[in-house]
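# Structural overview for review
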Amino acid sequence: MAEPGTPHGGVDDVDAVTDAVLAASRLLTGLSARCLSAVEDRVTLPQFRMLAALSNRGDTKLVALAELLHVAPSTAMRMVDRLIATGLADRQATPGNRRETRLRLTDEGRRTVAEVTARRHAEIAAIVERLAPEQRSSLVEALTAFTVAGGEPVSPETHGI
């Protein structure tokens, strides 16, 4: 018998879980778009993902960044060129190998990531505050497991540890 609140089937039903994750994904995508609205004249959502990756990883080679974002190096190069043109990132020759360049955030790029991240944090916190404590605990456990299963690293900031 289906549990209350599950779209169909039980909580072990892969389709029911997938539908719930897709619904949450729509919510988070909309939230992300709203949070980017303050900087949308300079940054698209894919470009923000690149900025966030640079923020998390620090100076990074283009090929590594493309792999991380699952895009072709040529696509990553076009994105980087746009971020450089807007003053959010720059290139720097790798010490000891002048043919190789590393990408990094500028101070403005770091401010942009911090601003959008703070907005996202506040919006997500407002939603989480409406959950009961036991729902919050279950959500942390489920989202952490989902993140790990998807191959993403889980940082202490991600789950409050």
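Heads up: the structure comes first, above all this text.
I will try to describe carefully the structure that is included in this document. (Residues numbered from 1 in each chain as written. Predicted model: local features only at pLDDT ≥ 70, side-chain atom pairs only at ≥ 80, totals over all residues. Heavy atoms only, no water.)

### Considering the pattern of salt bridges
Note the following rule: Salt bridges are defined as contacts in which a side-chain nitrogen from Lys or Arg sits within 4 Å of a carboxyl oxygen from Asp or Glu. Runs of E in the DSSP output that reach at least two residues are strands. Runs of H or I that reach at least four are helices, and both are numbered from the N terminus.
Taken as a whole and assessed by the stated rule, the structure comprises 7 salt bridges. A salt bridge links R34 to E123, with the nearest nitrogen and oxygen atoms 2.8 Å apart. Within this pair, whereas R34 is found in helix α1 (residues 14-36), its partner E123 is found in helix α5 (residues 107-128), the two being separated by 89 residues in sequence. The salt bridge involving R91 is made with D81; its shortest N-O contact spans 2.3 Å. With R91 in strand β2 (residues 89-94) and D81 in helix α4 (residues 73-85), this pair connects stretches of sequence that are 10 residues apart. What you see here is one network of salt bridges that share partners, running through R42, E108 and R111.

### Thoughts on the packing of helix α2 (residues 45-57) against helix α3 (residues 62-69)
This is how it is decided: Fitted lines through C-alpha atoms serve as axes, helices being fitted only where they are in contact, and the angles separating the N-to-C directions of these axes extend from 0 to 180 degrees. Less than a right angle of anticlockwise turn of the near helix away from the far helix marks a crossing as left-handed, whereas a clockwise turn marks it as right-handed. Residue contacts follow a heavy-atom distance rule, with two residues in contact if any of their heavy atoms lie within 4.5 Å. Under this grouping Gly is polar, as are all residues other than the nonpolar Ala, Val, Leu, Ile, Met, Phe, Trp, Tyr, Cys and Pro and the charged Asp, Glu, Lys and Arg.
One can describe the packing of α2 onto α3 by two numbers: an axis separation of 11 Å at closest approach and a directional angle of 115°. Seen along the crossing, α2 lies across α3 with a hand that is right-handed. On α3, the residues that touch R49, M50, A53, L54 and R57 of α2 are A64, L65, L68 and L69. Across the contact of α2 with α3, the residue classes tally to 7 nonpolar, no polar and 2 charged.

### A short note on the packing of α1 against α5
Packed helix pairs are specified by the crossing angle of their axes together with the interaxial distance, meaning the distance between the axes. Threshold: Orientation is classified from the angle alone, with under 35 degrees giving roughly parallel, over 145 giving roughly antiparallel, 65 to 115 giving roughly perpendicular, and any other angle giving oblique.
Between α1 and α5, whose axes approach to 9 Å, the crossing angle comes to 135°. Considered as vectors, α1 and α5 are oriented oblique to each other. Note on packing geometry: the crossing formed by α1 with α5 is right-handed. Across from L27, L28, L31, S32, R34, C35 and L36 in α1, the residues of α5 making contact are V116, R119, R120, E123, I124 and I127. A per-class count over the contact of α1 with α5 returns 8 nonpolar, 1 polar and 4 charged.

### As for the nonpolar core
Convention followed: Put simply, a nonpolar core is a bunch of buried Ala, Val, Leu, Ile, Met, Phe, Trp, Tyr and Cys residues held in one set by side-chain atoms that sit within 4.5 Å of each other. In this scheme, a residue with accessible area under 20% of its type's maximum is buried, one over 50% is exposed, and one in between is partly exposed, where area comes from a 1.4 Å probe on protein chains only.
Ranked by internal contacts, the top residues of the largest apolar core, which has 24 residues, are V43, M50, L51 and L65. Counting residues per element, the ones that place at least two in this core are α1, α2, α3, α4, β3 (97-105) and α5. A total of 5 residues in this core trace back to one element, the largest contributor, which is α2. With near-sequence residues (within four places) excluded, V43 lies in contact with L36, F48, L51, L88 and T112.

### Some words on the sheet that holds strand β1 (residues 60-61)
In plain terms, the rule: At least two DSSP bridges between two strands are needed for those strands to be called paired.
In space, the 3 strands of this open sheet follow the order β1-β3-β2, with antiparallel pairing throughout. Strands at the two margins of the open sheet, each flanked by one partner only, are β1 and β2. Bridge count for β1 against β3 is 2 bridges, and the pairing is antiparallel. Across the sheet, the residue bridging to T60 is L103, located in β3.

### Digging into unusual backbone geometry
At H70, a position not held by glycine, the phi torsion is positive, near 60°. Position of H70 relative to the elements: it lies in the loop between α3 and α4. Overall, H70 belongs to the exposed group, its relative accessible area being 69%.

So, to be careful, I would describe these as geometric facts and stop short of saying anything about function.
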